[in-house]
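Residue-level listing of the chains:
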Amino acid sequence: MATPSHLSTPSADTLPPEAPDNTAPAFSPLYQQIKTLILRSLQAGEWKPGDMIPSEFDLAARFRVSQGTVRKAIDELATDNLLVRRQGKGTFVATHAEQHTQYRFLRLLPDTGTLQDQGPAERRIIECKRLRAPAEVARQLALRTGDAVLQVKRVLAFDNTPAILEELWLPGVPFKGLTVETLADDKGPMYALFEAQFGVRMVRAVEKIKAVGADADAATLLGVPVGTPLLSVERLAFTYNDEPMELRRGLYRTDSRHYRNELS
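Residues numbered from 1 in each chain as written. Predicted model: local features only at pLDDT ≥ 70, side-chain atom pairs only at ≥ 80, totals over all residues. Heavy atoms only, no water.

Caption draft 1: Focus on the nonpolar core. If you look at the biggest cluster of nonpolar residues, it comprises 21 residues, and the most contacted ones within it are Ile34, Ile38, Leu42 and Leu59. Elements with a minimum of two residues in this core: helix H1 (30-44), helix H2 (56-63) and helix H3 (67-79). When residues of this core are assigned to their parent elements, the largest contribution, six residues, is made by H1. Those residues in contact with leucine 42 that sit more than four places away from it in its chain are Trp47, Leu83, Val93 and Tyr240. Formed by 18 residues, the second largest nonpolar core is a distinct cluster that contains Ile125, Leu178, Leu183 and Phe198. (Core = buried A, V, L, I, M, F, W, Y, C linked by side-chain atoms within 4.5 Å. Buried < 20%, exposed > 50% of the residue type's maximum accessible area, 1.4 Å probe, protein only. Helix = DSSP H or I, 4+ residues; strand = E, 2+ residues; numbered from the N terminus. Contact = heavy atoms within 4.5 Å.)

Right under this line is the structure:
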């Protein structure tokens, strides 16, 4: 792709006066401005998950800054798991389809062994339907009450034993066309499906965790007695620029599994 002539030559670490109006405020550190511009390109789909982005040299020319400034911006995006550096190959847009990132948001681990040891989860889609957003769901997804949303219910099992009952709420517009058949036919990670078919990448999430007792519905679907202690995990997942894209409520069995998180 041809580089615009006014961005063709690197210069000192200041953005040019003729830079487009979509640059970050001038008072922010320069590398943060470049990070913001790269994020906007990611959000706009200029580079899709799995794509290689332009080299540091080319980005420096595009934004008329030094390669060091671009490198610092890319370093932060890599730390945020948005980009992946590959030695000798270049820098790529991170994707949930990669093996080492498939379980990035799944923290329920077996008491013995690993998720990789026991293979992928067996998924049973219970329903996928289009509804009008209840007030609380709308609030968390930054929608208006009554806006179109999708509600998905599924059970994840390991070694033929149900382990997780999930309810997902998704905004209707970005996920138009998502059906039970689409979910049932796909064998990869759900977030990889969201990337490939709907252009939505989940980049971070916030969770709330508490203990609850299994009600009749959860007990039946998870194969446990009513009242069995379960771990309730509510996750709000965001795409680029902190835009909420999924509200997920899960009930986890912990009789042979535990929730694990690394703090740093």
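Caption draft 2: Representation of the confidence of the model for the chain in the model. Across the chain, the average pLDDT comes to 84, with 83% of residues at 70 or higher. The low-confidence segment residues 1-21 (pLDDT under 50) makes 38 contacts with residues lying over four places distant or belonging to another chain. (pLDDT = per-residue confidence, 0-100.)

Caption draft 3: Seen up close, H2. Burial within H2 is extensive, with six of its eight residues counted as buried. Within H2 the residues assigned to the buried category are Glu56, Leu59, Ala60, Ala61, Arg62 and Phe63. If you follow the buried residues of H2, they end up packed against H1, H3 and strand E1 (83-86). In the segment just after H2, arginine 64 is the residue with positive phi, at about 60°.

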